[in-house]
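Chain residues, written in single-letter form:
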Amino acid sequence: MCGIVGHIGEGNSAEILIEGLKRLEYRGYDSSGIAVLEGGSLSVDKATGKLANLTAITDHKKYSANIGIGHTRWATHGGVTHANAHPHMASDKAVVVHNGIVENYKELRAELQAQGHEFASDTDTEVIAHLAIELAKTINDETALLKAIIARLDGSYAFALLMTDFPDCLLVARNASPLAIGIGEGAYFVASDAMAMSSQTQRVIYLKDNDYAIVRKNEALIYDKGDQCANREEVIVSANPGLVSKGGYRHFMEKEIHEQPDAIAHTLSAMTDEAGTLTACLSEDELKNMTGLVMLAAGTSHYAGLVGRYWIEKLSGVPVTVEVASEYRYRAPVTSHLSHAIAISQSGESLDTLMALRHAQDEGLKSIALVNVDHSTIARESDFILPTRAGPEIGVASTKAFTAQLTVLLSLAIALGRAKGVISAEEAKERHEELQKLPSLVGKCLSLFEPLRPIAHELSKARSCLFLGRDSLFPIALEGALKLKELSYIHAEGFAAGEMKHGPIALIEDGLPVISLLGADALSQKVISNLKEAQARGAKIILLAADDVADEVDFASDVCRLPNCSEYLMPFILTVPAQILAYLTASEKGTDVDQPRNLAKSVTVE
Ligand code: G6P
């Protein structure tokens, strides 16, 4: 998946496109490029690698075009090469940027090659430009042409097409991949998200699936899949946040780790009504109507759901299943005992999660979006929104969005437990008060950078390591392992500590680092036994533990002490040192912390 941007009208297109791409780089950073139409000719500049490689070229050129398109790529079809970077041009007359996958590109390519078209890349995208040239031989109306192009495409797409034959418009379309149109003063914009246009306009129209549009400098004519003119609502998105800066930190990730107390506090206040009651943004009736939940998510958000299941089932008695979105969407799930589906997504744009949510909606479940971006596709398509208030998260590895998601899920568990009468109003109040102390507890954990540094130094030499936890700390072990592997590229796996003896213990060999998450809770003695079993076989125990139980693991090689707190807050408190350890280990190894290889922040392809 990728990010696309387009501009037509007042303003210098190249500058506007580059500015938009800076805000879209979270969607991919394998390569980037822009194409503009000047003096009747198309010109394309592109570069592999980070956007800085493109700006190193564009900064030295003079552009005056008032129409253009741009792209930042996360490679799907075709390697990370200059030729595969977008925009893709055909016959010097059509140029396209695309996000998604054209699933029938092989057939189309063969057909177009048979018609004499020569391809310059291995991408699925390039067929769109050649198809446009081919179809334009017989169709000379831009709307009819666009309609004819999308009639030939299978798969998912959001694309913007610029053609010399139609120099005063952009031809855009979306199916499954997001696309928004921005309305400016004497100019229109298109982009994969509103943020990319936020320095130009706050007035945004979100295209719906199968919409297509002809965008000119003073109008956007939008059509639905039945080819009828569609009046899509214009929304005002929140003010331009500016390009988010690192604020004096070395990396966005480091900054975002430090922002967690605020992210949690803001999210908690969004979960609380004016009377000070924790409602999780849902009415008493809606909470009472919740009889069973399925949570749908990917990556780190999936692990937030796994923690939420422990809390919700324990505090409210409501059954919860948590599903990897990419699996759920193709299953025939049994939903008769369920009432609601919750899509958990920082971006609100992960295609797998969106499709899983639609699948659940088709099964008759009410939908809830637990998202960090209010106007995201998942938010717009859901019946209810439970917002995280983490602010823009730029580091590809999620940190503050994760703890904000946990804050929402614990709030929901408490509100649901109270509404269902499983916990008393007093207990709900007590849990809420406990939760209000969380920002300051998490704040205390931020002092762990220095104590964890020598541990990270040693860990950076490891080839592999394990994370162990139990109960609601098991998903934190999964998240800790994910953070370490995605940032430092060290192989890491998370296991439920009690499951070790059923197989994973075979992995233990002399000196294998085992990062052990330990709370002062009912299962702590059992976890300590599990750790002892690992240590007896040569594991090097690196202990992250609540102060009260830390001394009981006298066989640990390294100990990181954490503030004591209730079992419900422990997953938050253990997340922070796991994040810091991953961050420091990656820094030791010199990997790209904010933009790890092969990853993207928001994945809008299957
Ligand atoms: C990508 C990111 C992960 C993220 C996942 C889900 O894979 O690299 O960090 O957890 O998508 O993203 P979402 O925006 O849906 O939470």
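Residues numbered from 1 in each chain as written. Predicted model: local features only at pLDDT ≥ 70, side-chain atom pairs only at ≥ 80, totals over all residues. Heavy atoms only, no water.

Q: Lay out the overall build of the protein in plain terms, naming residues and giving numbers.
A: For the protein, the count of helices and strands is 20 helices and 24 strands. Scaling as 2.2 N^0.38, a compact globule of 606 residues should have a C-alpha radius of gyration of about 25 Å, and the protein matches this with 25 Å. When each of the 606 residues of the protein is scored for burial, the buried share is 61%. When the accessible surface of the protein is totalled, it reaches about 22200 Å², and 47% of it is carbon and sulfur. Mean positive and mean negative side-chain charge positions of the protein (55 and 78 charges, respectively) differ by 2 Å. (Helix = DSSP H or I, 4+ residues; strand = E, 2+ residues; numbered from the N terminus. Rg over C-alpha atoms; globule rule 2.2 N^0.38 Å. Buried < 20%, exposed > 50% of the residue type's maximum accessible area, 1.4 Å probe, protein only. Areas by Shrake-Rupley, 256 points an atom, 1.4 Å probe, with all protein chains shown as cover. Lys, Arg positive; Asp, Glu negative; His and termini not counted. Charge placed at Lys NZ, Arg CZ, Asp CG, Glu CD.)

Q: Tell me about the sheet that holds strand β2 (residues 31–38), and name the residues and values.
A: Reading across from one edge, β3-β2-β4-β1-β10-β9-β11-β14 is the order of the 8 strands in this open sheet, with antiparallel pairing throughout. Edge positions in the open sheet fall to β3 (41–48) and β14 (234–236), since each of these has one partner strand only. Within this sheet the neighbouring strands show an average axis-to-axis angle of 20°, counted without direction. Two strands pair when backbone bridges link them, and strand β11 (residues 203–206) and β14 are joined in this way by 3 bridges, in the antiparallel orientation. Looking at β14, one finds that R203 is bridged to I236. Contacts from helix α1 (residues 13–24) reach β1 (3–9), β2, β4 (67–73) and β10 (187–191) within the one sheet, and its direction differs from that of β1 by about 155°. Taken strand by strand, helix α2 (residues 51–58) contacts β2 and β3, and its axis lies near 135° from that of β3. (Pairing = 2+ DSSP bridges. Axes fitted to C-alpha atoms, helices over the stretch in contact; angles between N-to-C directions. Contact = heavy atoms within 4.5 Å.)

Q: Give a detailed account of the pattern of salt bridges, specifying residues and quantitative values.
A: Side-chain pairs of opposite charge can arise whenever the charged atoms involved come near each other. Tallying each qualifying case throughout the model produces 33 salt bridges. Notably, a salt bridge pairs E219 with R216, separated by 3.3 Å at the nearest N-O pair. Under the relative-accessibility criterion, R216 is labelled buried at 17%. Put simply, E259 and K400 hold a salt bridge, and the shortest N to O gap is 2.7 Å. Here E259, found in the loop between α6 (252–258) and α7 (260–270), pairs with K400, found in helix α13 (residues 400–419); they are 141 residues apart in sequence, far enough to count as distant. K400 gets classed as buried once you look at its relative accessible area, which sits at 3%. One network of salt bridges, in which partners are shared, links E142, D168, R216 and E219. (Salt bridge = Lys/Arg side-chain N within 4 Å of Asp/Glu carboxyl O.)

Q: How would you sum up the packing of helix α4 (residues 126–135) against helix α5 (residues 142–152)? Please name residues and give values.
A: It is the contact of α4 with α5, at a shortest axis distance of 10 Å, that shows an interaxial angle of 130°. Classified by the angle between their axes, α4 and α5 sit oblique to one another. Classified by chirality, the crossing of α5 by α4 is right-handed. For the pair formed by α4 and α5, the contact residues are I128, L131, A132 and L135 on the first element and L145, A148, I149 and R152 on the second. Looking at the contact of α4 with α5 residue by residue, the classes come out as 7 nonpolar, no polar and 1 charged. (Parallel < 35°, antiparallel > 145°, perpendicular 65-115°, else oblique. Left-handed = near helix turned anticlockwise from the far one by under 90°. Nonpolar A, V, L, I, M, F, W, Y, C, P; charged D, E, K, R; others polar.)

Q: Any details on the site of the ligand? Residues and values, ideally.
A: Around the ligand, a shell composed of A298, G299, T300, S301, S345, Q346, S347, S350, V396, A600, K601 and V603 is seen. One of the side-chain N or O atoms of S301 is found 2.5 Å from an oxygen atom in the ligand. A distance of 2.6 Å separates an oxygen atom of the ligand from a polar atom in the side chain of S347. Of the residues forming the shell around the ligand, the biggest block, 3 residues, is contributed by helix α9 (residues 299–316). Both domains that meet at the shell around the ligand, namely domain 2 (246–436) and domain 3 (450–606), each give it at least three residues. (Near = heavy atom within 4 Å. Polar contact = N/O pair within 3.5 Å; in protein donor to acceptor, adjacent residues only side chain to side chain. Domains from an automatic or database assignment.)

Q: Just give me the short version of the domain arrangement of the protein, but keep the residues and values in it.
A: Here the domain parsing of the protein yields domain 1 (3–243), domain 2 (246–436) and domain 3 (450–606). One C-alpha centre belongs to domain 2, the other to domain 3; they are set 24 Å apart. Taken together, the contact between domain 2 and domain 3 spans 41 residues of the former and 35 residues of the latter. Each partner contributes to the roughly 3200 Å² buried at the junction of domain 2 and domain 3, and carbon and sulfur atoms together form 65% of this total. Contact with domain 3 buries surface across domain 2, with Y303, Y310 and V396 losing the most and accounting together for 20% of the total. (Buried area = accessible area lost by both parts, 1.4 Å probe.)

Q: Please provide a residue-by-residue account of the sheet that holds strand β24 (residues 558–562), values included.
A: Ordered in space as β21-β20-β22-β23-β24, the 5 strands form an open sheet in which the pairing is parallel. In this open sheet, the two strands that pair with only one neighbour each are β21 (491–496) and β24. Neighbour-to-neighbour, the strand axes of this sheet turn through a mean angle of 15°, independent of strand direction. Examined bridge by bridge, strand β23 (residues 540–546) and β24 share 5 bridges and lie parallel to one another. Of the residues in β24, the one forming a bridge with A545 is R561. Sitting on the sheet, helix α18 (residues 524–536) touches β20 (464–469), β22 (513–518) and β23, and the angle it makes with β22 is about 170°.

Q: Outline the packing of aromatic side chains, listing residues and values.
A: Evaluated as defined, the whole model comprises 4 aromatic pairs. Between Y212 and Y223 the ring centres are 5.3 Å apart and the planes differ by 20°, which places this aromatic pair in the stacked class. Of this pair, Y212 sits in strand β12 (residues 212–215) while Y223 sits in strand β13 (residues 220–223); the two residues are 11 residues apart in sequence, bridging distant segments of the chain. A residue is classified by how much of its surface remains accessible, and Y212, at 2% relative accessible area, is buried. (Phe/Tyr/Trp six-rings, centres within 6.5 Å; stacked < 30°, edge-to-face > 60°.)

Q: Report on unusual backbone geometry, specifying residues and quantitative values.
A: Note the cis peptide between H86 and P87, where omega equals -5°. Relative to the elements of secondary structure, P87 occurs in the loop between β4 and β5 (88–90). Within the chain, N210 stands out as a residue other than glycine whose phi angle is a positive 70°. Turning to its location among the elements, N210 is positioned in the loop between β11 and β12. The partly exposed category is assigned to N210, whose relative accessible area is 27%.

Q: Any chance you could break down the packing of α1 against α2 for me, citing the residues and the numbers?
A: In the contact formed by α1 and α2, the axes pass within 11 Å of each other and the chain directions differ by 170°. If you check the angle between α1 and α2, you find them roughly antiparallel. Once α1 is placed against α2, the crossing between them reads as left-handed. Where α1 abuts α2, its residues I18, L21 and K22 lie against L51, L54, T55 and T58.

Q: Tell me about the environment of P387, and please be specific about residues and values.
A: Along the polypeptide, P387 turns up in strand β19 (residues 384–387). Separated by 72 residues in the primary sequence, P387 and L315 place their C-alpha atoms 21 Å from one another. Apart from residues no more than four positions distant in its own chain, P387 is found in contact with T267, A270, M271, C281, V371, D374 and V408.

Q: So what's going on with the side chain of E393? Which residues, and what values?
A: By the element assignment, E393 lies in the loop between β19 and α13. The exposure class assigned to E393 is buried, which follows from its relative accessible area of 5%. Reaching out from E393, the side chain makes a polar contact with the side chain of S398 at a distance of 3.0 Å. Engagement of the side chain of E393 in a polar contact is seen with the backbone nitrogen of T399, the distance being 2.8 Å. When sequence neighbours within four positions are dropped, the list of residues in contact with E393 reads E256, Q346, S398, T399, K400, A401 and K601.

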